[in-house]
Amino acid sequence: MKRWLPSPPLSAALFVVWLLLNQSLDAGTLILAAALALAVPLLTKGLRPATVRMRRPGVALRLAGHAVFDMMHSALSVGRLLLTQRKDKLHPRFVHVPLELRDPNALAVLAMICCLTPGTAWGELSFDRSSLLIHVFDLEDEQAFITMIKTRYERPLMEIFES
């Protein structure tokens, strides 16, 4: 079964998204959705870095809550800064964050969190995965930002993916 359906959640998601995008339940749409749901995971199996073994689902839910809260808070802050601050009053910076995290799936989640949070952008991961370069739209305290990334995101990701 795993040979023909390597990622059932991905297949289910692709099937549903195709139906939603086409807004139709006719036979042709259902057949094409099923074909895509089977073909795409098979064709992209080699692109996934490793099988995900998520531990500690409670920590994962808490991390998701923190990420959503931080994204909403950051969106409001960035919007306020864009509307009220002059360009010369902003402090954009690149920050090097030292990492202990090594799992490729956890690093992918950290990348998504950084890229989806307004005001931050994933810059570069060092070749040895020991540090991450992040661009921050407005940064007052670099050490506080590094501590926040490590405590709110890196530590929970290590618990979920590496423990």
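The structure displayed is predicted, hence computed values, not measured ones.

Peer 1: Can you explain the packing of helix α3 (residues 57-84) against helix α5 (residues 142-161)? Please cite residues and give values.
Peer 2: Relative to each other, α3 and α5 sit at 150°, their axes nearing to 9 Å. Considered as vectors, α3 and α5 are oriented roughly antiparallel to each other. With respect to the hand of their crossing, α3 and α5 are arranged in left-handed fashion. Contacts between α3 and α5 involve Val59, Ala60, Leu63, His66, Ala67, Phe69 and Asp70 from the former and Met148, Arg152, Tyr153, Pro156, Leu157, Glu159 and Ile160 from the latter. Classifying every residue of the contact of α3 with α5 by side-chain character gives 10 nonpolar, 1 polar and 3 charged.

Peer 1: Describe the sheet that holds strand β3 (residues 131-136), and please don't skip the residues or the numbers.
Peer 2: The strand order across the open sheet formed by 3 strands is β1-β3-β2, and the pairing between neighbours is antiparallel. Each of the sheet's edge strands pairs with one partner strand only, and the pair in question is β1 (93-98) and β2 (120-125). For this sheet the average axis-to-axis angle between neighbouring strands, irrespective of direction, equals 30°. The sheet contact formed by β1 and β3 spans 6 bridges and is antiparallel. Across the sheet, residue His96 finds its bridge partner in β3, namely Leu133. The strands touched by α5 within the sheet are β1, β2 and β3, with β1 carrying the most contacts at an inclination of about 50°.

Peer 1: How would you summarise α3 if you had to cite specific residues and measurements?
Peer 2: Within an α-helix, residues lying three or four positions from one another point in the same direction, as the helix has 3.6 residues per turn. Between its terminal C-alpha atoms α3 stretches 40 Å, which fits the 40 Å expected from 28 residues at 1.5 Å a residue. Where α3 is buried, its residues meet α4 (104-116) and α5.

Peer 1: Quick rundown of unusual backbone geometry? Include the residues and the values.
Peer 2: With a phi angle near 50°, Gln23 is a residue other than glycine that sits in the positive phi range. For Gln23, the position within the fold is in the loop between α1 (8-22) and α2 (27-43). Not every positive phi belongs to a glycine, and Arg56 is a case in point at roughly 60°. Checked against the element boundaries, Arg56 lands in the loop between α2 and α3. When its relative accessible area of 44% is taken as the criterion, Arg56 is described as partly exposed.

Peer 1: How would you explain the nonpolar core if you had to name every residue and give the values?
Peer 2: Counting residues in each nonpolar core, the largest one holds 24 residues, and the members touching the most others are Val95, Val97, Leu110, Ile134, Phe145, Tyr153 and Leu157. Looking at this core, the elements that each hand over two or more residues are α3, β1, α4, β3 and α5. It is α5 that contributes the most residues to this core, 7 residues altogether. Aside from chain neighbours lying at most four places away, what touches Val95 is Leu132, Leu133, Ile134, Val136, Leu139, Glu142, Phe145 and Ile146.

The rules we used
- Within any chain, residue numbers begin from 1 and follow the written order of that chain's sequence.
- Residue-level local features of this predicted model are given only where pLDDT is at least 70; pairs of side-chain atoms are given and counted only at 80 or more, and the full residue set underlies all totals for whole chains, interfaces and linings.
- Excluding hydrogens and water, the side-chain figures rest on all heavy atoms present in the structure.
- The angle between two axes is taken between their N-to-C directions and runs from 0 to 180 degrees, where each axis is a line fitted to C-alpha atoms and a helix contributes only its stretch in contact.
- Here a helix means four or more residues in a row that DSSP labels H or I, a strand means two or more in a row labelled E, and each is numbered from the N terminus.
- For this classification, under 35 degrees means roughly parallel, over 145 means roughly antiparallel, 65 to 115 means roughly perpendicular, and everything else is oblique.
- Crossings are classed by handedness, with left-handed meaning an anticlockwise turn of the near helix from the far one by less than a right angle and right-handed meaning a clockwise turn.
- Whether two residues are in contact is decided by their heavy atoms: any pair within 4.5 Å suffices.
- Charged means Asp, Glu, Lys or Arg here, nonpolar means Ala, Val, Leu, Ile, Met, Phe, Trp, Tyr, Cys or Pro, and polar covers whatever is left, Gly included.
- By definition, two strands form a pair when at least two bridges between them are found by DSSP.
- Between the first and last residue of a helix there are one fewer steps than residues, each counted as 1.5 Å, and that sum is the expected span.
- A 1.4 Å probe rolled over the protein chains alone gives each residue an accessible area, and that area as a share of the maximum for its type sets the label: buried under 20%, exposed over 50%, partly exposed in between.
- We define a nonpolar core as any set of buried Ala, Val, Leu, Ile, Met, Phe, Trp, Tyr and Cys residues linked to one another through side-chain atoms lying within 4.5 Å.

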